[in-house]
Amino acid sequence: MITMATRAGPFTHTVNSISRTMLWVMAALLPATAYGLWLFGWPAIFLFVITLATALAAEALMLKLLGQPVRARLADGSALLTGWLLALSLPPWAPWWIGFLGALVAIVLGKHLFGGLGQNMFNPAMVARIVLLISFPVQLTVWVAPAPLGSANAPSFSQALTYVAGHSTLPEHMSAATSLGVLKTEHSRGISVAKTTEQLPPPEQLAIGREPGSMGETSAGLLLAGGLLLLALRIISWHIPLAMLGTLATLALVSNALDPSRFAAMPIHLLSGATLLGAFFIATDYVTSPVSRSGQLLFGAGIGALTWVIRSLGAYPEGVAFAVVLMNAMVPLIDRGFRPRVFGRSRRGQSLDTKKPKIPL
């Protein structure tokens, strides 16, 4: 009688897992997040907690309804990261229901409507960001000047609760506008971009991030540091960030050289808005980006080009969310056109000749 022992196949095993990847991404986001929460005070902290808690609750509810293991799926960190990214893209003093509705849209519509983790076609956080912007344009475009915790302008704990609850209006002296918003508004009034740029913070201040903006998008330096950490750990590859930033920088450089009165300079495009957050933390999402390296280059270049087009020629001052979602829709086509070579076949799909060459005697 012949017995056969079953052995594992010769597959490569690594320490990578969904939870490990999510934890490293959140760790890379932590410095920029902590800076943003400190910069905008208690209202931002409340909104951040509400958004993350709603994302986790919505995930648990959907998993329960679908008959999937709740505790194991919540532990992978995907829902937490989705809520985290959404919170960072919101105005820091937005009312509580903005974070609540946004997290519901991200988890229920952006993620589980397509089948859950690994099957969503669009980045859930960016889907929610766009839905909120289109549905509530006033609340999504109200910005505040930095009011760091402990400073004279910072609201107290009780005052912050009234702002987040929507019972108090934003103080007039705290109202502000982002750099991209100022450029768009002034240009619509007939003031040249070059003249408006002189009144904006210098590039080094934009890199530090002490300016009005979304909760976690202001500090370009900290976001870049987090992105470089993910590259060093090989959590992400360089193809999408480099293609996106390179394309956006090139278009901004050329257009500004041709007509500085209409088009913003390259540092403003790279250091303002959601550029770096999108390049390193959003566009690089495994599920919604192409598989092949060449496809990733095209994908990143498309996001960079669309971001420049929306910012420079469109009605919105910011375009990263729209650009990411539009290119997410192109991923199946990109994957079809840029298929990686199958083992044992040429890039054209033809079978390779595996016959051993004859050795002359």
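Everything discussed here concerns the structure shown above.
Scope of this entry: the structure provided in the associated data block. Note that the structure is a prediction, hence the values are computed from the model and not measured.

Rules and cut-offs
Residue numbers restart at each chain and count upward from 1, following the sequence in its written direction. A pLDDT threshold of at least 70 governs which residues receive local features in this predicted model, and a stricter bar of 80 or more applies before side-chain atom pairs are shown or counted, although totals over entire chains, interfaces and linings include all residues. Derived side-chain values reflect all non-hydrogen atoms in the structure, with water molecules and hydrogen atoms excluded from consideration. The way it works is that DSSP assigns letters per residue, a run of H or I at least four long becomes a helix, a run of E at least two long becomes a strand, and they are numbered from the N terminus. It is over C-alpha atoms that the radius of gyration is taken, and the globule rule equals 2.2 Å times the number of residues to the power 0.38. Exposure categories follow from relative accessible area, calculated using a 1.4 Å probe and restricted to protein chains: below 20% of the type maximum is buried, above 50% is exposed, and the middle band is partly exposed. By definition, residues are in contact when any of their heavy atoms lie within 4.5 Å. Two aromatic rings from Phe, Tyr or Trp, using only the six-membered ring of Trp, form a pair when their centres are within 6.5 Å; if the ring planes differ by under 30 degrees the pair is stacked, by over 60 it is edge-to-face, and anything between is tilted. Counted as salt bridges are all cases of a side-chain nitrogen of Lys or Arg within 4 Å of a carboxyl oxygen of Asp or Glu. Buried Ala, Val, Leu, Ile, Met, Phe, Trp, Tyr and Cys residues form a nonpolar core when they are joined through side-chain atoms within 4.5 Å. Here an axis means a line fitted to C-alpha atoms, over the contact stretch when the element is a helix, while the angle between two N-to-C directions is reported on a 0 to 180 degree scale. Roughly parallel means an angle under 35 degrees; roughly antiparallel means over 145; roughly perpendicular covers 65 to 115; every other angle is labelled oblique. Definitions for this section: a left-handed crossing has its near helix turned counterclockwise from the far helix by less than a right angle. A right-handed crossing has that turn clockwise. Each residue receives one of three labels: charged for Asp, Glu, Lys and Arg, nonpolar for Ala, Val, Leu, Ile, Met, Phe, Trp, Tyr, Cys and Pro, and polar for the others, Gly being one of them. Any N or O atom pair separated by 3.5 Å or less is treated as a polar contact, with the protein-specific requirement of one donor-capable and one acceptor-capable atom, and with residues adjacent in sequence counted only for side-chain atom pairs. Multiplying 1.5 Å by the residue count of a helix minus one yields the expected span of that helix.

### With respect to the overall build of the protein
Point 1. Helix and strand content of the protein: 15 helices and two strands.
Point 2. Taken against the 2.2 N^0.38 rule, which gives 21 Å for 361 residues, the C-alpha radius of gyration of the protein at 23 Å falls within 12% of a compact globule.
Point 3. Across the 361 residues in the protein, those meeting the buried criterion constitute 45%.
Point 4. If you take every contact in the protein between residues at least 6 apart in sequence, the share linking residues at least 24 apart comes to 76%.

### Observations regarding the packing of aromatic side chains
Point 1. Under the counting rule described, the total for this entry stands at 11 aromatic pairs.
Point 2. Ring geometry for Tyr-35 against Trp-38: centres 5.8 Å apart, planes inclined by 45°, an arrangement best described as tilted. Within this pair, Tyr-35 and its partner Trp-38 are both found in helix H1 (residues 18-65), separated by three residues, close to a single helical turn.
Point 3. Note on Tyr-35: relative accessible area 16%, which makes it buried.

### Focus on the pattern of salt bridges
Point 1. Under the defined criterion, the tally for this structure stands at three salt bridges.
Point 2. Glu-59 is the salt-bridge partner of Lys-111, the closest N and O atoms lying 2.9 Å from each other. With a gap of 52 residues between them, Lys-111 in the loop between helix H4 (96-109) and helix H5 (124-135) and Glu-59 in helix H1 connect regions that are remote in the sequence.
Point 3. On the basis of relative accessible area, Glu-59 is assigned to the buried category, the value being 2%.
Point 4. Among the salt bridges present, the one from Arg-311 reaches Glu-318, with a minimum N-O distance of 2.9 Å.
Point 5. Among the residues examined, Arg-311 registers a relative accessible area of 5% and is labelled buried.

### What about the nonpolar core?
Point 1. Counting 73 residues, the largest nonpolar core has Leu-29, Phe-48, Leu-85, Leu-277, Phe-281, Phe-299 and Ile-303 as the members making the most contacts within it.
Point 2. When residues in this core are grouped by element, the largest group, 16 residues, is from H1.
Point 3. In terms of nonpolar packing, the next biggest core, distinct from the first, is built from six residues, Leu-183, Val-193, Leu-200 and Ile-268 among them.

### Thoughts on the packing of helix H10 (residues 220-232) against helix H13 (residues 275-282)
Point 1. Closest axis-to-axis distance for the H10/H13 pair is 9 Å, and the angle between their directions is 15°. The orientation of H10 relative to H13 falls into the category roughly parallel. For the pair H10 and H13, the crossing hand works out as left-handed. Every residue of H13 that contacts H10 at Ala-220, Leu-223, Leu-224, Gly-226, Gly-227, Leu-230 and Leu-231 is listed here: Leu-276, Leu-277, Phe-280 and Phe-281.
Point 2. Tallied by class, residues from the contact of H10 with H13 come to nine nonpolar, two polar and no charged.

### Here we look at the side chain of Ser-219
Point 1. The topology assignment puts Ser-219 in the loop between helix H9 (203-208) and H10.
Point 2. Engagement of the side chain of Ser-219 in a polar contact is seen with the backbone nitrogen of Leu-222, the distance being 3.3 Å.
Point 3. Non-local contacts of Ser-219, meaning those with residues more than four positions away in its chain, are made with Tyr-35, Ala-207, Ile-208 and Gly-209.

### Concerning the side chain of Glu-59
Point 1. A polar contact is formed between the side chain of Glu-59 and the side chain of Lys-111, at a distance of 2.9 Å.
Point 2. Ignoring any residue separated from it by four or fewer positions in sequence, one finds Glu-59 in contact with Leu-74, Ser-78, Ala-79, Ile-107, Lys-111 and His-112.

### Brief notes about helix H14 (residues 293-313)
Point 1. With 21 residues, H14 should reach 30 Å at 1.5 Å per residue; the first-to-last C-alpha distance of 30 Å fits that figure.
Point 2. What H14 keeps buried is the set Gly-295, Gln-296, Phe-299, Gly-300, Gly-302, Ile-303, Gly-304, Thr-307, Trp-308, Ile-310, Arg-311 and Ser-312.
Point 3. Looking at the packing, one finds that the buried side of H14 touches helix H7 (179-188), helix H11 (239-258), helix H12 (266-271), H13 and helix H15 (320-337).
Point 4. Backbone nitrogen of Gly-295 and a side-chain oxygen of the N-cap are separated by 3.1 Å at the start of H14; the cap is Ser-292.

### Here we look at the environment of Val-127
Point 1. Tracing the chain through its elements places Val-127 in helix H5.
Point 2. According to the relative accessible area criterion, Val-127 is buried, its value standing at 18%.
Point 3. With 38 residues separating them along the chain, Val-127 and Ala-165 place their C-alpha atoms 24 Å apart.
Point 4. For Val-127, the residues in contact, after removing those within four places along its chain, are Val-105, Gly-110, Phe-122 and Val-325.

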